[in-house]
Each structure stands twice: as structure tokens, then as C-alpha cells.
Amino acid sequence: MKNVIDFDISKAEHYFKDVNISELEARALRANEVLVSRSGEGNGFLGWIDLPVNYDRKEFQAIKEAAAKIRSDSDALVVIGIGGSYLGARAVIDSLSHCFYNSKEAIEKEEKRPEIYFAGNNISSSYIADIIDVVKDKDFSVNIISKSGTTTEPALAFRIFRQLLVDKYGEAEAGKRIYATTDKEKGALKNLSDKEGYKEFVVPDDIGGRYSVLSAVGLLPIAVAGIDIDELMRGAADERKHIMSTPFNDNEALKYAAYRNVLLEKGRSVEILANYEPNFHYIAEWWKQLYGESEGKDKKGIYPASVDFTTDLHSLGQFIQDGTRIMFETVVWIEKARRELFVKGWEGDPDGLNYLGGKSFSEINFNAMTGTMLAHTDGDVPNFLITVSELSAYTIGSLIYFFEYACGVSGYMLGVNPFNQPGVEAYKKNMFALLGKPGFEAQGEELRKRLN
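Nothing here was measured: the structure is a model prediction, and the numbers come from that model.

Cut-offs used in this document
Residues numbered from 1 in each chain as written. Predicted model: local features only at pLDDT ≥ 70, side-chain atom pairs only at ≥ 80, totals over all residues. Heavy atoms only, no water. Core = buried A, V, L, I, M, F, W, Y, C linked by side-chain atoms within 4.5 Å. Buried < 20%, exposed > 50% of the residue type's maximum accessible area, 1.4 Å probe, protein only. Helix = DSSP H or I, 4+ residues; strand = E, 2+ residues; numbered from the N terminus. Contact = heavy atoms within 4.5 Å. Pairing = 2+ DSSP bridges. Axes fitted to C-alpha atoms, helices over the stretch in contact; angles between N-to-C directions. Polar contact = N/O pair within 3.5 Å; in protein donor to acceptor, adjacent residues only side chain to side chain. Salt bridge = Lys/Arg side-chain N within 4 Å of Asp/Glu carboxyl O. Right-handed = clockwise from strand over helix to strand, strands pointing away.

**Concerning the nonpolar core**
No. 1: Among the nonpolar cores identified, the biggest contains 101 residues, and Phe16, Trp48 and Phe403 are the most heavily contacted of them.
No. 2: For this core, the element with the highest residue contribution is helix α15 (residues 393–414), accounting for 15 residues.
No. 3: Leave out the neighbours within four places in its chain, and Phe403 touches Tyr256, Leu273, Trp286, Trp287, Leu290, Tyr291 and Ile386.
No. 4: One finds Tyr117, Ala119, Val135 and Ala157 within the second-largest nonpolar core, a separate group that totals 21 residues.

Encoded structure:
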């Protein structure tokens, strides 16, 4: 059976003419062995490897039941989390939903489901106030996602929306509309959830946030959006089986990991993930966190960037075509559009586009993609092409696992621990000090001197 993901290096092949492919394969397989044997750094965070086939079926059913309840009693769901606690869910929901899925018209086209809003991913008072405007007069529920319950951005948002629920429904009823995805044993949110009786789901101990989308962290909001989470997991499970059983020459994930490292060694330190479907935007945002946090350490790594084509061809296209040659592109092409439109003729041809009469937008988009790849490769930008058959729960599950697995292998090839993120703490310590958090007074005084 043909895999739903295809990886093609033909538009970058000449960059590898001097590469010993057998040696490259051996390097990739060594990194792969470190990953699957769990013998490398960060091996305490590899639960995602077997998650698609080894997940808690009882919790999975509870997620479905909670999603059904939210769909039945809520007009809106506010998902509170930051980083991996929201990007994965938003990526899947955006990729598989109507482009304007919170609009009345979009909701009416589907089985009843609530509007979904994401909070706790910034500290903008305007953003939070705008969400309050939208949900305050609706029946709504909250899914707070935080392992500790003390991460600043989601904790602040939760204070606001918990109080909004209490003011609207009273303490007891508010507690029935709060769903906490948190540590199974400890932490501020776990303690509060136990005390208040919130419905609880588990952030796994052995899975880092950026790898957690196929756990309860992502699955509850995804299920609320009406997406088939069984198919999502089936796609990931089939991709896992394919990767685990396929030799290097036919193994898309291992080849992607290997060849991107070769380009880094040739001075291409920026990878641009390019797509041609607006629904794919947040998949790229999730991918940027996955690769940025996994590889960007020890003064190493490929900087992950993204573009939405053809939109960004009219802004960043000039730089990609003619700017500094520090980049390569990984283009994701979706073969089958979710919906299709065709161009009709226009009497008199006032816009000069009648030559496109009878063509589908997908055909035009495909030619824009292939034409852009040719132009960029002519401009000395290596291009990889990842082709996915369509956007469905199954294929997105496959793609998530593909990127996760390739990231683990790539990180070990690079010589870093792909499963920690020590640099993320630096800004937090400075912020705490400047805000006067107890225990940070001396550091705060020193920082204020620097600012003056």
C-alpha cells in the first residue's frame, strides 16, 4: 500500500552529488537506533513514540464523553494553554475545519458543535477582553491545559475565565464546565481540580508539550471540534508502523531527517516550510515549535520558518528568490482540495483570464506551486517536496507522527538533546524578577539597573 506521505528530493538532488549516500544512511540509522532503543539524552520523554498504539483507552473514551457533553451544553469552548498545550490542537482543528469555523454559517453546515477560542497563549489584555466580549453572553466551557498550573500566560487567562464562569453560573455549576488537563499527581492545577471537582485529563509525564498533540492535551478540543480522533490515531499508528518497518531508501521520515542535516552542513541554516492551503497555517506554526525547541540549542540547529503561498509570494517571495542564500524550502502539497471551484469564461475577457476557463482552482494552484519550485531552485534554493493525499483526520495523524519522528532522528543526528528546552526558562526568570515575584528580588534590582 502506498504511504499517504511522499518525500521527494528531486529539486535538490544536485546539492547531494558529493554526498556518500551509504554513509548518510548509516548516520541516520545510528540516530534512529538511539531513538528507538531509548539510549540517548532526553530518553525520559519518548512516550510519544508508542502513543498511537499504546494510549489509555479508558481515558480516550472519557475524552469522547466529555467532548459530547461540551457539544451538548456549550455554545463556545475556551481552550487555555500555551506552546504545545494549544498549538497542536489548533493546528489539527484549523487544518480539518471550515476556514471560518466559528461563523454561524460554518457551524450550521455541520453537526452541532461549539465555537472554539484559544486563550492563555499571550498576555494581551485586548485579546482576552475581546474573547470575553464573544463568549460572555453564551453558554461556554473552559479547557485549561497546564502541567503545573502556574505557567504565567495560561494561569492568568484561567483566573479571568474561571471567574467569568463563576459569576455566570455559580461555583458549583462553573466547576462542571471546567475541564483540566494537567499532571496526574501533583501541581497547583491538579490540587485545585481535586478540590473543586473539575473533570481531569492527564498530561503524560513522558511526553513533552510539543509532542503531546495525540494525548489528552490535544484530543479533547479536537474532539469537541467534531474531528474523528479514532481516525487521527489510526493515521499516526499506520505511519509509525511504516517508519518502523521500512528501509532507509523508502523511509520518508528518515530521509527527511538525513537530507535536511546535509543542507545544514552546507550552510543552509534556515528551513522554510511552505504550503499552498490556508488551512495548513497552524500546522506550520506547530511544526516551528516542534523543530525550534527540539533543535535550537548548544548554538546549533536549523531555524524553522514558514510561508503561506501564494500569499507570501507577494511579500517574502522576493527575498526567497534573490536574498541571502542561507535557506532551503520544504514544500507541502495537498493533492486533493477540501472543496473545489472552477473558472468560468467572462464575455469580453476584461481581466485577461479567459485562458483559464474550465480549469479548477486546484490545477491553477498546482501550477503556481510547481512554477515557484522551479523559480526558487533556479535561484539556488534547494527544495524538498512533501506530498499528502488530502487533509483528513487520518492523513493529519500520519503527518504529525512523520514530523515528530523525523525531528527526533534529526536532533540526534545534529548532536543535541531533542527533548529538552533549557532556553525557554531565561525570559521567565527575567519576567518574574521584573514583576517582583518572591525569591527574585535581587535579580530584579540588577535587571532594573541594566534597563536604566
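The rest of the description comes next.
**Re the sheet that holds strand β1 (residues 5–8)**
No. 1: The strand order β1-β10-β9-β7-β8 describes an open sheet built from five strands, whose pairing is mixed. With partners counted over all chains shown, the strands left at the sheet margins are β1 and β8 (303–308), one partner each. Taken over all neighbouring pairs, the strand axes of this sheet differ in orientation by 20° on average, direction set aside.
No. 2: When β1 meets strand β10 (residues 383–390), the two strands line up antiparallel, connected through four bridges. Paired with Phe7 across the bridge in β10 is Ile386.
No. 3: Against the sheet, α15 engages β1, β7 (270–275) and β10, with an angle of about 150° to β10.

**Observations regarding the side chain of Arg210**
No. 1: The topology assignment puts Arg210 in the loop between β6 (199–202) and α9 (216–224).
No. 2: A distance of 2.8 Å separates the side chain of Arg210 from the backbone oxygen of Pro418, its partner in a polar contact.
No. 3: Reaching out from Arg210, the side chain makes a polar contact with the side chain of Gln421 at a distance of 2.5 Å.
No. 4: Arg210 has contacts with Gly84, Trp286, Gln289, Leu290, Glu293, Ser294, Lys297, Glu404, Pro418, Phe419, Asn420 and Gln421, leaving out every residue within four places of it along the chain.

**Examining α9**
No. 1: For α9, the tally of buried residues reaches nine of nine residues, placing the bulk of the element in the interior.
No. 2: Residues of α9 that are buried include every one of Ala216, Val217, Gly218, Leu219, Leu220, Pro221, Ile222, Ala223 and Val224, and no others.
No. 3: The positive-phi residue at the C-terminal boundary of α9 is Gly226, with phi of around 85°.

**Topic: the pattern of salt bridges**
It is possible for side chains of opposite charge to pair when their charged atoms get near one another.
No. 1: In total, this model carries 23 salt bridges according to the counting rule given.
No. 2: Here Lys69 makes a salt bridge to Asp73, at a shortest N to O gap of 2.7 Å. Here Lys69 and its partner Asp73 are both found in helix α2 (residues 57–73), four residues apart, which amounts to about one turn of the helix.
No. 3: Asp183 is the partner of Lys186 in a salt bridge, and the nearest nitrogen-oxygen pair spans 3.7 Å.
No. 4: Lys186 sits in the exposed class, given a relative accessible area of 55%.

**Things to note about the pairing of strand β9 (residues 327–336)**
No. 1: Burial analysis of β9 places eight of its 10 residues in the buried class, which makes it a mostly covered element.
No. 2: Here β7 runs beside β9; their pairing, made up of six bridges, is parallel. Looking at β9, one finds that Glu271 is bridged to Phe328.
No. 3: In terms of strand pairing, β9 meets β10 through seven bridges, oriented parallel. Considered in β10, the bridge of Val331 is made with Leu385.
No. 4: Regarding topology, helix α14 (residues 361–378) serves as the crossover connection from β9 to the parallel β10, and that connection is right-handed.

**What to know about the sheet that holds β6**
No. 1: Taking strand neighbours across the sheet as the criterion, the five strands line up as β3-β2-β4-β5-β6 in an open arrangement whose pairing is parallel. Sheet topology places β3 (115–119) and β6 at the edges, where each strand pairs with a single neighbour. For this sheet, the mean angle separating the axes of adjacent strands, direction not counted, is 20°.
No. 2: Taken together, the five bridges between strand β2 (residues 76–80) and strand β4 (residues 140–145) define a ladder with parallel strand orientation. By the bridge assignment for β4, Leu77 is matched with Ser141.
No. 3: Strands in contact with helix α5 (residues 125–135) are β2, β3 and β4; relative to β3, the strand with the most contacts, it is inclined by about 160°.
No. 4: Running over the sheet, helix α6 (residues 152–169) touches β2, β3, β4 and β5 (178–182) and is turned about 155° from β4.

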